[in-house]
Structures are given as C-alpha cells and as structure tokens.
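Architecture and fold: a report
Given next are the chains, with one letter for each unit.
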Amino acid sequence: MLTDIEIAQAAKMKNIRDIASDLGIIEDEIMPIGHYKAKITDRAVERVKANKDGKLILVTAVNPTPAGEGKTTVSIGLGEAMAKIGKKAVVALREPSLGPVFGIKGGAAGGGYSQVVPMEDINLHFTGDMHAITSANNLMCAMLDNSIQQGNELNIDPRQVLIKRCLDMNDRALRNIVCSLGGKLNGVPREDHFIITVASEVMAILCLSEDVFDLKRRLGNILVAYTYDGKPVYCRDIKANGSMTVLLKDALKPNLIQTLENTPVIMHGGPFANIAHGCNSIRATKTALKLADYTITEAGFGSDLGAEKFLDIKCRFANLKPNCIVLVATVRSMKYNGGVPKDELKEENLEALKKGSVNLGAHIENLKKYGVPVVVAINHFYADTQSEIDFVESFCREKGADFAVTKCFAEGGNGGTELANKVVEACEKESNFKPLYPDDMPVYEKIETIAREIYGADGVDYTKEAKAAIDGFIKLGADKMPVCIAKTQYSLSDNAKLLGRPKNFRITIQSASLSNGAGFLVCLAGSIMTMPGLSKSPAAFNIDIDDEGRTVGLF
C-alpha cells in the first residue's frame, strides 16, 4: 500500500470554489487561499444562520493506546461514506499542530484512503491560523511586560504573572526560562514559561467565540496576573484585547477543504483536550450544521476527556445537541487494555480481548449517561481475526450499543458505508441530550460528579495549593463555570498505568487555573505537559524534499 503522503499527492482535488458551490456558498462568500483552501467569510456564516440545522454526530474513542485507534480516519471515512449512501454531509475537524507533526504522533489529516487534502498544507502552515494565535498570545505577553516596565501603574506583581508565551513547536528548552536579563532597559527580570500554541487560552477562546465581538470580550476577560495586594489583572486592563482581536479577525473565519473523495470539510481550531476542551470551533460546527444534512465532528483523546468536554463545555456554550455519538474502538486497543504488550497485538488473544473489553464497556456506559444514541465503530486492522471481531460485536450487543466494522483506512468511503447506515438510523432515534451537571451546581460537586460518573473514581482529593486556588477562583466567579479536568489520556483514572476499567481509586487534583476568557475552570489531576519535547528520533528526521521537489516523510 502507498504511504499516506503518496496517496494524498495522487489525489484528484476539486477547485475549492466548486466545493463551496456544492454547499450552497457563492463565490464571493469565500476567501480562496490557492486552489484548494479557503476561508468562509463572515457574510456566509451570517447568511446561512437562517437554514435549518442538520444532524450532529460526535466521533470519540476509547482511551488512546500506543497502537493508535484511528479516530480522525474514521471521522473522515464516515463523511465520505455518507456521500456513498446518498447523504449530504460535512466533516468538521480540528487543525493539526506543528509540534506533533515534527514530533512523534505525526499529522492530523487522517490516514490511508481516508484523508483530508491538501495534506501537506494542512499539516504545515495551512491558512496561518496557528501563527495568528501565536502572535496574539505573545502580543498580550509583551504588553504585560511593557506595562510592568513603563512604571507599573497597575501594580502587577512579576511573581504572579499567569499568562505564558507560546510557540507551535515542541521545544523543551523553553519550558522554564528567565526573561528580561541585561539591565534596566531590557525590562524587569522574572521567571517565564513557554507553552505550545494549542495549549494557550487564546486558542480555546478562538474556538468558543460566536463572532468577532464575542472574541474581543473573551480576550479581555483573560486573567493575566495579580497585583502586589492580590487583586486580579485582566487582559483588558493592559489594553491588549483590541489589538489581539485585529490579529485574529481572519483566523476566526472557518477553513474549507475537502477529503480525498471531495467531501467538504470545515477544519478550524485545535485546542488541547486536557487543559482545554479539545474540539474544533463553535463557528465551524454551527456553520457545518447549516450547510448539510449531517455534520461529523470529533473530540480529542478518549471519551473520558474529549467527549466529556465536548458535551459538558462546548455543547453548553453553543447550545448544541448531538443526535448520535460514534465510539471508535479496535481489537488492538482492547487486547492492550487486557495486558498484551504493543509488539504482540497482532497475535490472536481472545482471553486478553475479553479482559480488556471492560474499557470499551465503561466508555459505552458513560456516553449513554448523556441520553444520546451510541454506535460503536470497530476500526478494522489487517491482523484482526474473525473470532476477535465476532467477540467485539457480541460484547456491543450485550452493552446495548449498535456497531459496525469500518475499513476506511484501506477502502475510503466504501469501507464505512455500514457505519454510515447505522449512524443515519441512530440519528432518527430520539436524542435526550443533557449535560452531566447543571450550571448552578457548586464547583466541588461538578468535579466530584465527573470523577465518579465518568472516571469511575470513589472520590476526589485536593492538595492544599489546589484547594486554595479553587476557592480563590470561586470568589472571581468560577462557581458558575463548567469544569475542565486535565488528566492522563491513557487511563480512566489519573494514573496512566491503570488500564482497563480501574476500581477502588480516588483522583487527586494537584493544582488549578482559571481560563476566565474561555469560561471554564481547569483542574489538573497530575502533571500535564503543555510544552512537549522532541524524542531521540523525531518525525522531523524523516521529513524532506526529494530530487523532484516533492515533500516526503510526512504522515
């Protein structure tokens, strides 16, 4: 089989104007960036608001494993499969970050014959949204340091600066630094930090903003620092939110691209699924719902992180009501959760499969708590045996979830038609969606509810630092906000080594921060890496230009 990039480079793409036309978007309502990418203008977004909403399908997955589950591949393949069965669909995805592209994970454009294109552009600079977010975030940081330098009228305590500079690249050397060295003219020396761009609150805000005015308001609400006497300082106080909005006004426009089979895709935004909500933008999802009968979107990591945040944060803010949830699972992931090492996952092992099936069971049960029909997508890999597939299908029946085997990686849309038909059937059922907790539930009860109902924990413990921080944020108004718990993605618990369905455990909230502009309280259960480093053999080693000027090694 050809590599991902070879398949993508051989794709027969339609001009982006034709993709827009297929959706009912007229030519002067897009801003083309070359032949195959475009920004959807504010005019188009506003015009289609009068259209009826289509059905909303969320794609999520079991806990990630080193073997990979193929959630994005299934999302794209499902969109292509909808076209195969005569349905008008749009896929709404997040944008890739350069950090993973050059690190270990690679890009985020799907794989095999289920990809979005132009794959190279998407995985690299795309339409410049990441650069705009980076610039806006760092402008805010520069203006804060300048406020301290120019007389410090706001009485900012340099030891209590909360915002961090960002870079869309893995660079561990920038995690902890000292800035403003070299004398009085270079500023007030202090400890500083860098995070990767997708972990910034500016990214989360862009994805949660309804329009440019909402964006400006949210940016102004960012808690940037405290004064010497403990009073909060916001981004609007340092007068940065206006200029930041100008930098972001085009980045706020959703991006239009296509799949290998010319299915329309709106790809926009890409916040972390740990310290943020891990979904594409509200504008992208809402616009897609107005343009097609079915919108397929995804959430980051497993359902205990990405789907929970999509359902309890994004849907709450945007008043979205999903009609169906697709839960991606693999035979390999279940065997891994049953104790099989990564290098032995190709071997049939029904005993381990049965043992590890409890992880899939937990995710099915959790998602059903939201009142939305669930369909399990069994993502097929070449080494899967029929006996193993039969077991997973039987398990899904026992759990009361519909299911379909998908082969989108190898077959594109044709490999997802069974899933597409099951999803269409599910969308015709009644969806009684409701978030896990109400707005007015006290913060500590919200945290406890997520821990017990989604993770299966017996309860929650807090460090003194976390308790003090949360109590302080409650005084600033966080008590009415949804909670974003950041923990390991590899386990339902806060311990990455506890696979399957852990029992008899408590989670510990180590620290907390307030994403005041985004509108949620972040509670960290463990150490979350917000500026990754490169491995000993990063993917960047294999990315190059060949003798004919083509990109090679990108995946």
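Attention in this report is confined to the structure presented alongside it.

What counts as what
- Residues numbered from 1 in each chain as written.
- Predicted model: local features only at pLDDT ≥ 70, side-chain atom pairs only at ≥ 80, totals over all residues.
- Heavy atoms only, no water.
- 1 Å grid on protein atoms, 1.4 Å probe; cavity = no way out; pocket = protein on both sides within 12 Å on 5 of 7 lines; lining within 4 Å.
- Points joined across faces, edges and corners; volume = space filled by probe spheres on them.
- Nonpolar A, V, L, I, M, F, W, Y, C, P; charged D, E, K, R; others polar.
- Core = buried A, V, L, I, M, F, W, Y, C linked by side-chain atoms within 4.5 Å.
- Buried < 20%, exposed > 50% of the residue type's maximum accessible area, 1.4 Å probe, protein only.
- Helix = DSSP H or I, 4+ residues; strand = E, 2+ residues; numbered from the N terminus.
- Contact = heavy atoms within 4.5 Å.
- Polar contact = N/O pair within 3.5 Å; in protein donor to acceptor, adjacent residues only side chain to side chain.
- Salt bridge = Lys/Arg side-chain N within 4 Å of Asp/Glu carboxyl O.
- Pairing = 2+ DSSP bridges.
- Expected span 1.5 Å × (residues − 1).
- Axes fitted to C-alpha atoms, helices over the stretch in contact; angles between N-to-C directions.
- Phe/Tyr/Trp six-rings, centres within 6.5 Å; stacked < 30°, edge-to-face > 60°.
- Parallel < 35°, antiparallel > 145°, perpendicular 65-115°, else oblique.

1. Describing the layout of surface pockets
Within this model, the second largest pocket holds a volume of roughly 1,100 Å³. For the second largest pocket, the lining is made up of 42 residues, of which Leu 162, Ile 163, Lys 164, Ile 195 and Ser 513 are closest to its centre. Split into classes, the residues belonging to the lining of the second largest pocket amount to 25 nonpolar, 10 polar and seven charged.

2. Details of the nonpolar core
Considering soluble globular proteins, one finds that nonpolar side chains tend to be buried as a cluster. Residues Leu 360 and Val 376 are the most contacted members of the largest nonpolar core, which totals 111 residues. A total of eight residues in this core trace back to one element, the largest contributor, which is helix 7 (residues 129-149). Beyond its immediate chain neighbours, meaning those up to four positions away, Val 376 contacts Leu 327, Ala 329, Leu 360, Ile 364, Cys 396, Ala 401, Asp 402, Phe 403 and Ala 404. With 22 residues, the next largest nonpolar core counts Ala 89, Ala 420, Ala 426 and Cys 427 among its residues.

3. Here we look at the side chain of Arg 316
Tracing the backbone through its elements, the reader meets Arg 316 in helix 12 (residues 303-318). The class of Arg 316 is buried, set by a relative accessible area of 18%. Only 2.6 Å separates the side chain of Arg 316 from the side chain of Asp 439, close enough to count as a polar contact. Aside from chain neighbours lying at most four places away, what touches Arg 316 is Leu 311, Pro 435, Tyr 437, Pro 438, Asp 439 and Pro 482.

4. Observations regarding the pattern of salt bridges
For the coordinates displayed, the defined rule picks out 34 salt bridges. For Glu 29, the salt bridge identified is with Arg 43, shortest N-O distance 4.0 Å. Residue Glu 29 is located in the loop between helix 2 (16-22) and strand 1 (30-32), and its partner Arg 43 is located in helix 3 (residues 42-47); the two are separated by 14 residues in the primary sequence. Looking at Arg 43, the relative accessible area reads 47%, which means it is partly exposed. A salt bridge links Glu 388 to Lys 335, with the shortest nitrogen-to-oxygen separation between them at 3.0 Å. Separated by 53 residues along the polypeptide, Glu 388 in helix 15 (residues 386-398) and Lys 335 in helix 13 (residues 331-337) bring together distant segments of the chain. By relative accessible area, which is 0% here, Glu 388 ends up buried. In this structure Lys 335 comes out as buried when scored by relative accessible area, which is 1%.

5. Side note on the pairing of strand 15 (residues 264-267)
Neither face of strand 15 is exposed, since Pro 264 and Ile 266 on one face and Val 265 and Met 267 on the opposite face are all buried. Summarising the sheet, strand 14 (residues 255-259) and strand 15 pair through four bridges and their orientation is antiparallel. Looking at the pairing, Asn 255 lines up with Met 267 of strand 15. Linking strand 14 to strand 15, which pair antiparallel, is a turn of four residues; within it Asn 262 sits at a positive phi near 70°.

6. Some details on the side chain of Asn 152
Tracing the backbone through its elements, the reader meets Asn 152 in the loop between helix 7 and strand 7 (156-161). With a relative accessible area of 17%, Asn 152 lands in the buried category.

7. A word on helix 17 (residues 417-428)
Think of an α-helix as 3.6 residues a turn; residues three or four steps apart then line up on the same face. Along its 12 residues, helix 17 runs 17 Å from first to last C-alpha, staying within 8% of the 16 Å computed at 1.5 Å per residue. Residues of helix 17 that are buried: Leu 419, Ala 420, Lys 422, Val 423, Val 424, Ala 426 and Cys 427. Packing partners of the buried residues in helix 17 comprise strand 3 (55-61), helix 4 (71-84), strand 16 (294-298), strand 17 (324-329), strand 18 (374-379) and strand 19 (402-406).

8. Focus: the environment of Phe 409
Structurally, Phe 409 is set in helix 16 (residues 408-411). According to the relative accessible area criterion, Phe 409 is partly exposed, its value standing at 36%. The spatial distance from the C-alpha of Phe 409 to the C-alpha of Cys 179 is 47 Å, given a sequence separation of 230 residues. Residues contacting Phe 409, with those up to four places away along its chain left out, are Met 1, Asp 4, Thr 73, Gly 111, Gly 112, Tyr 113 and Ser 114.

9. Overview of the sheet that holds strand 7
One open sheet accounts for three strands, arranged 7-12-13; its pairing is antiparallel. Bordering the open sheet on either side are strand 7 and strand 13 (232-234), each of which pairs with just one other strand. Recorded for the sheet is a direction-independent mean angle of 50° between the axes of neighbouring strands. With two bridges joining them, strand 7 and strand 12 (residues 223-227) adopt antiparallel strand pairing. By the bridge assignment for strand 12, Ile 156 is matched with Thr 227.

10. So, the packing of aromatic side chains
Considering all chains together, one arrives at three aromatic pairs under this definition. Taking 6.4 Å as the distance between ring centres and 25° as the angle between the ring planes, the aromatic pair formed by Phe 391 and Phe 395 counts as stacked. Note that Phe 391 and Phe 395 are positioned in helix 15 at a spacing of four residues, about one turn of the helix. Using a relative accessible area of 24% as the deciding quantity, one classes Phe 391 as partly exposed. With centroids separated by 5.2 Å and ring planes inclined at 85°, the aromatic side chains of Tyr 444 and Tyr 462 adopt a geometry described as edge-to-face. Note that Tyr 444 is positioned in helix 18 (residues 443-455) and Tyr 462 in strand 20 (residues 459-462), a separation of 18 residues in sequence. Residue class for Tyr 444 comes out partly exposed when judged on its relative accessible area of 25%. A relative accessible area of 24% places Tyr 462 in the partly exposed class.

11. What to know about the packing of helix 18 against helix 19 (residues 464-475)
With their axes 11 Å apart at the nearest point, helix 18 and helix 19 run at an angle of 125° to one another. Relative to helix 19, the element helix 18 is oriented oblique. Two secondary-structure elements touch here, helix 18 through Val 443, Tyr 444 and Ile 447 and helix 19 through Lys 467, Ile 470, Asp 471 and Ile 474. Tallied by class, the residues present in the contact of helix 18 with helix 19 amount to five nonpolar, no polar and two charged.

12. Observations regarding the sheet that holds strand 24 (residues 520-524)
Taking strand neighbours across the sheet as the criterion, the three strands line up as 21-24-23 in an open arrangement whose pairing is mixed. This sheet does not close on itself; its edge strands, each paired only once, are strand 21 (483-486) and strand 23 (511-515). Geometrically, the sheet is characterised by an average inter-axis angle of 20° between neighbouring strands, direction not taken into account. Bridge count for strand 23 against strand 24 is five bridges, and the pairing is antiparallel. Its bridge partner lying in strand 24, Ala 512 is registered against Cys 523.

What is shown is where atoms sit, not what they do.
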